[in-house]
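Secondary and tertiary structure notes
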Amino acid sequence: MSSTTTFPASAAEIAAGLRGLVARAAGPGWPGRLLYALANLPVGALCLALYFALFGSVFAVIYGVGLLLILLVLAAIRGFAGVERGLAGILLGVDIPVGERVRRQPGVVLKARRLVQSASTWRAVGWLGARVLIGAATLATFFFGTLAVFALSEGIDWNLFNALPLLALMAAAVVGTLVVLDLLVRLAAAVAPRLLGVGAEQQIAALQQTGRRLADRNRLARDLHDTIGHALTASLLQATAARRTLTPTDDRPLQPDFARQALGHIETNTRAALAELDRVLTVLRAEDGGHDPAPFSAPSLADLEGLLAGLRDGGLPVALVVDGDVDDVPEGVQELAYRVVQEGTTNVLRHAGTPLTVAQVARSGDTLVVRVCNERASQLESRPGPGGGRGLAGLRERTAAAGGTLAAEPTPSGGFDLCVTLPLAGAS
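Heads up: these notes are all about the structure in this document. Because the structure is predicted, anything quoted here is derived from the model rather than measured.

1. Overview of the environment of Ser-120
Tracing the sequence through the fold places Ser-120 in helix H5 (residues 119–153). Separated by 75 residues in the primary sequence, Ser-120 and Leu-195 place their C-alpha atoms 7.7 Å from one another. Among the polar contacts listed, one links the side chain of Ser-120 to the side chain of Arg-123, at a separation of 3.2 Å.

2. Quick word on the nonpolar core
One finds Leu-74, Ile-77, Phe-80, Trp-127 and Leu-128 to be the most contacted residues of the largest nonpolar core, which totals 33 residues. Listing elements by their share of this core, those giving two or more residues are helix H2 (30–59), helix H3 (66–92), H5 and helix H6 (163–196). Not counting residues up to four positions away in its chain, the partners in contact with Ile-77 are Leu-50, Leu-54, Ala-124, Val-125 and Leu-128. Counting residues in hydrophobic clusters, the runner-up holds 30 residues, among them Val-318, Val-341, Leu-349 and Val-361.

3. Looking at the pairing of strand E3 (residues 367–374)
Along E3, the buried face is formed by Leu-368, Val-370, Val-372 and Asn-374; none of Thr-367, Val-369, Arg-371 and Cys-373, which line the opposite face, is buried. Alignment of strand E2 (residues 357–364) against E3, held across eight bridges, turns out to be antiparallel. Counted as the bridge partner of Ala-359 is Val-372 from E3. Linkage of E2 to E3, two consecutive antiparallel strands, is achieved through a turn of two residues, within which Gly-365 is found at a positive phi near 65°. Inspection of the sheet shows E3 paired to strand E5 (residues 416–423) by eight bridges, in the antiparallel sense. The partner of Thr-367 across the bridge, within E5, is Pro-423.

4. Quick look at the sheet that holds E3
Here five strands make up an open sheet; going across it, the order is E1-E2-E3-E5-E4 and the pairing mixed. At either end of the open sheet lies a strand with only one pairing partner, and these are strand E1 (318–323) and strand E4 (405–410). Geometrically, the sheet is characterised by an average inter-axis angle of 10° between neighbouring strands, direction not taken into account.

5. Quick word on a nonpolar patch on the surface
A cluster of nonpolar residues, Trp-30, Leu-34, Leu-35, Leu-38, Val-174 and Leu-178, forms a patch on the protein surface that exposes about 560 Å² of accessible area. Looking at the nonpolar patch element by element, the count peaks at four residues for H2. Assessed through its relative accessible area of 49%, Leu-35 is described here as partly exposed.

6. So, H6
End to end, H6 covers 48 Å across 34 residues, agreeing with the expected 50 Å (1.5 Å per residue, within 8%). In H6, a bend of some 25° at Ala-190 exceeds every other bend along the element, and Pro-193, a proline, comes one to four places later.

7. So, the pattern of salt bridges
Scanning the entire structure with this criterion turns up six salt bridges. Across the pair Asp-328 and Arg-363 runs a salt bridge, and its minimum N-O distance is 2.4 Å. A residue pair is termed long-range when its members are at least 10 positions apart, and Asp-328 in the loop between E1 and helix H10 (331–351) and Arg-363 in strand E2 qualify at 35 residues. The salt bridge involving Asp-417 is made with Arg-371; its shortest N-O contact spans 3.2 Å. Here the residue Asp-417 occupies a position in strand E5, and Arg-371 occupies one in strand E3, the gap between them amounting to 46 residues. For Asp-417, a relative accessible area of 14% gives the class buried.

8. Here's the deal with the environment of Asp-366
Position of Asp-366 relative to the elements: it lies in the loop between E2 and E3. Separated by 58 residues in sequence, Asp-366 and Leu-424 place their C-alpha atoms 5.0 Å apart. When near neighbours in sequence (up to four residues on either side) are disregarded, Asp-366 contacts Leu-422, Pro-423, Leu-424 and Ala-425.

9. Remarks on the packing of H2 against H5
Across the interface, H2 lies against H5 with an axial gap of 7 Å and an inter-helix angle of 135°. Taken together, the axis directions place H2 and H5 in an arrangement best described as oblique. Helix-helix and strand crossings are classified by hand; for H2 and H5 the assignment is left-handed. Touching Tyr-36, Ala-37, Leu-38, Asn-40, Leu-41, Val-43, Gly-44, Cys-47, Leu-48, Leu-50, Tyr-51 and Leu-54 of H2 are Val-125, Gly-126, Trp-127, Leu-128, Gly-129, Arg-131, Val-132, Ile-134, Gly-135, Thr-138, Leu-139 and Phe-142, all from H5. Across the contact of H2 with H5, the residue classes break down as 17 nonpolar, six polar and one charged.

Calculation criteria
- Residues numbered from 1 in each chain as written.
- Predicted model: local features only at pLDDT ≥ 70, side-chain atom pairs only at ≥ 80, totals over all residues.
- Heavy atoms only, no water.
- Helix = DSSP H or I, 4+ residues; strand = E, 2+ residues; numbered from the N terminus.
- Polar contact = N/O pair within 3.5 Å; in protein donor to acceptor, adjacent residues only side chain to side chain.
- Core = buried A, V, L, I, M, F, W, Y, C linked by side-chain atoms within 4.5 Å.
- Buried < 20%, exposed > 50% of the residue type's maximum accessible area, 1.4 Å probe, protein only.
- Contact = heavy atoms within 4.5 Å.
- Pairing = 2+ DSSP bridges.
- Axes fitted to C-alpha atoms, helices over the stretch in contact; angles between N-to-C directions.
- Patch = residues over 30% accessible without salt bridge, like charges linked within 9 Å, V, L, I, M, F, W, Y side chains within 5 Å.
- Areas by Shrake-Rupley, 256 points an atom, 1.4 Å probe, with all protein chains shown as cover.
- Salt bridge = Lys/Arg side-chain N within 4 Å of Asp/Glu carboxyl O.
- Expected span 1.5 Å × (residues − 1).
- Bend = angle between axes of the 7 residues up to and from the residue.
- Parallel < 35°, antiparallel > 145°, perpendicular 65-115°, else oblique.
- Left-handed = near helix turned anticlockwise from the far one by under 90°.
- Nonpolar A, V, L, I, M, F, W, Y, C, P; charged D, E, K, R; others polar.

In structure tokens, the structure reads:
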């Protein structure tokens, strides 16, 4: 049976290992590592002082002032950890991300609570212990290295025969000291990101927050697409109808009242689109500034009649049919159902003109079915061009995320049928 080992088996291997250590120690960035090693002694002494201050504040609790002292010492330790992050970045080139900033918490009480409960605080306390040990090891390395050099130089009768070997031993002691110091610095560089950086729980929380932010922005983009697309399409339909009533052909009479009504709907649609755009921009600015966006009221099934009223006045014969009790349908499902009708009617105007259209919302047990079905158009009206196909694709994604299904296909009569089935069980 053969076994392998990583321990050097010969003097040549030992010499090669030492040469490798020296080469790494003399590699790029050695001035910064040397300064960091020299700073280990005063920094280690400061860390030891902070440790004594922390222990002293704990014992001072019995005098009634210990709690305040503990908070002050913990705040000082977190501030010292920030200085250490900067020192490691400048001298060692180690990029350490900053974790939770307690000073940004609102209110003194919440700041104090997060200061004590934050894992970053206690990792910084652990970093103090590591720094004390590294400082003690640095002091021991300096002491024994200096002791070895003096032992080799004192009490020796220098002559031609022993000068070269003694100088070689002294150089080896100096090189060995520098190599050990470099190893201590590299150890500190390896430990610093784990104790001074962002912890695993904070990384997971940051990733979750980023995922939620991306999902929210994706939802905002879809809502903006639906609202503005519908408003522009409906406004074009109403503007076309108003123009025809003001410039009639044949013997048709002028209809100024109808034109005023159409212009009023155009104004309403434009205001709604601008309000939606302003809401989206407000939410995005709040997120970019690190604030929670103000809540807003999402559209519901009760808003469907108002949505379709403007389309009827513009010339689209659309009927709304509601079957079953939909008052207790969850808000999220109601908003999605509203978006289905909004996107369906917008697509009718874009691709079919003004045919007879029916929007149906039917509840059956724990299922809500939303359908927008139109007949074949007898004459295609002037309407906007295609919307790029993203509206229906986005609607399909939102339906799948809600656990529902979407079917969109032509009907035998030449029209088109959009049908979305949404589960109510477990929806919020």
